[in-house]
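Coordinate inspection notes
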Amino acid sequence: RDQLSMDLLECVGNSSNEFVAELFRKDPKFAESFVKEEDKKTKKKKYTVSSEFKDQLSSLMDVVDLTEPHFIRCIKPNPQNVPDLFDRKGVTEQLRYGGVLQVVQVSRAGYPVRINHQECWDDYKVI
């Protein structure tokens, strides 16, 4: 298993370096390891590297689900960054590699931007 051994936790928790010892003592995941046996009433889950990763990934996905990402594509008019100089080939390459030209082609082909069900209903319920 990938969990920290009790020997390692005890060693770090009893370190003479107060900073290192407090890192583990104050962490709620490992604090239960430093409680005396008679004070333990419930069996808590043991933390492993994979469970820590899973918790962090879940937390990240919660944050991502709350966001509405918007993207801004910056186009450099010329490699020298000189004002009033436009490099047509360079700009076209940036647009192509950034996917902007493909989005324009798709929208010209008649594929609309997706709207949610309520907006669609409101727009077309008369029909």
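Look a little higher up for the structure.
Here's what I pulled together on the structure shown here. The structure displayed is predicted, hence computed values, not measured ones.

**Details of a nonpolar patch on the surface**
A contiguous nonpolar patch, built from F53, L57, L60, M61 and V64 and spanning about 470 Å² of accessible area, is present on the exposed surface. Locating L57 in the fold gives a position in helix α4 (residues 49-66). In this structure L57 comes out as partly exposed when scored by relative accessible area, which is 40%.

**Section: the side chain of N78**
Relative to the assigned elements, N78 resides in the loop between α4 and α5 (88-97). With a relative accessible area of 1%, N78 lands in the buried category. Among the polar contacts listed, one links the side chain of N78 to the backbone oxygen of V82, at a separation of 2.6 Å. Once residues within four sequence positions are removed from consideration, N78 is found in contact with L85 and D87.

**A closer look at the environment of L101**
Tracing the chain through its elements places L101 in helix α6 (residues 100-108). Under the relative-accessibility criterion, L101 is labelled partly exposed at 31%. The residues contacting L101, other than those within four sequence positions of it, are T92, L95 and R96.

Calculation notes
- Residues numbered from 1 in each chain as written.
- Predicted model: local features only at pLDDT ≥ 70, side-chain atom pairs only at ≥ 80, totals over all residues.
- Heavy atoms only, no water.
- Patch = residues over 30% accessible without salt bridge, like charges linked within 9 Å, V, L, I, M, F, W, Y side chains within 5 Å.
- Areas by Shrake-Rupley, 256 points an atom, 1.4 Å probe, with all protein chains shown as cover.
- Salt bridge = Lys/Arg side-chain N within 4 Å of Asp/Glu carboxyl O.
- Helix = DSSP H or I, 4+ residues; strand = E, 2+ residues; numbered from the N terminus.
- Buried < 20%, exposed > 50% of the residue type's maximum accessible area, 1.4 Å probe, protein only.
- Polar contact = N/O pair within 3.5 Å; in protein donor to acceptor, adjacent residues only side chain to side chain.
- Contact = heavy atoms within 4.5 Å.

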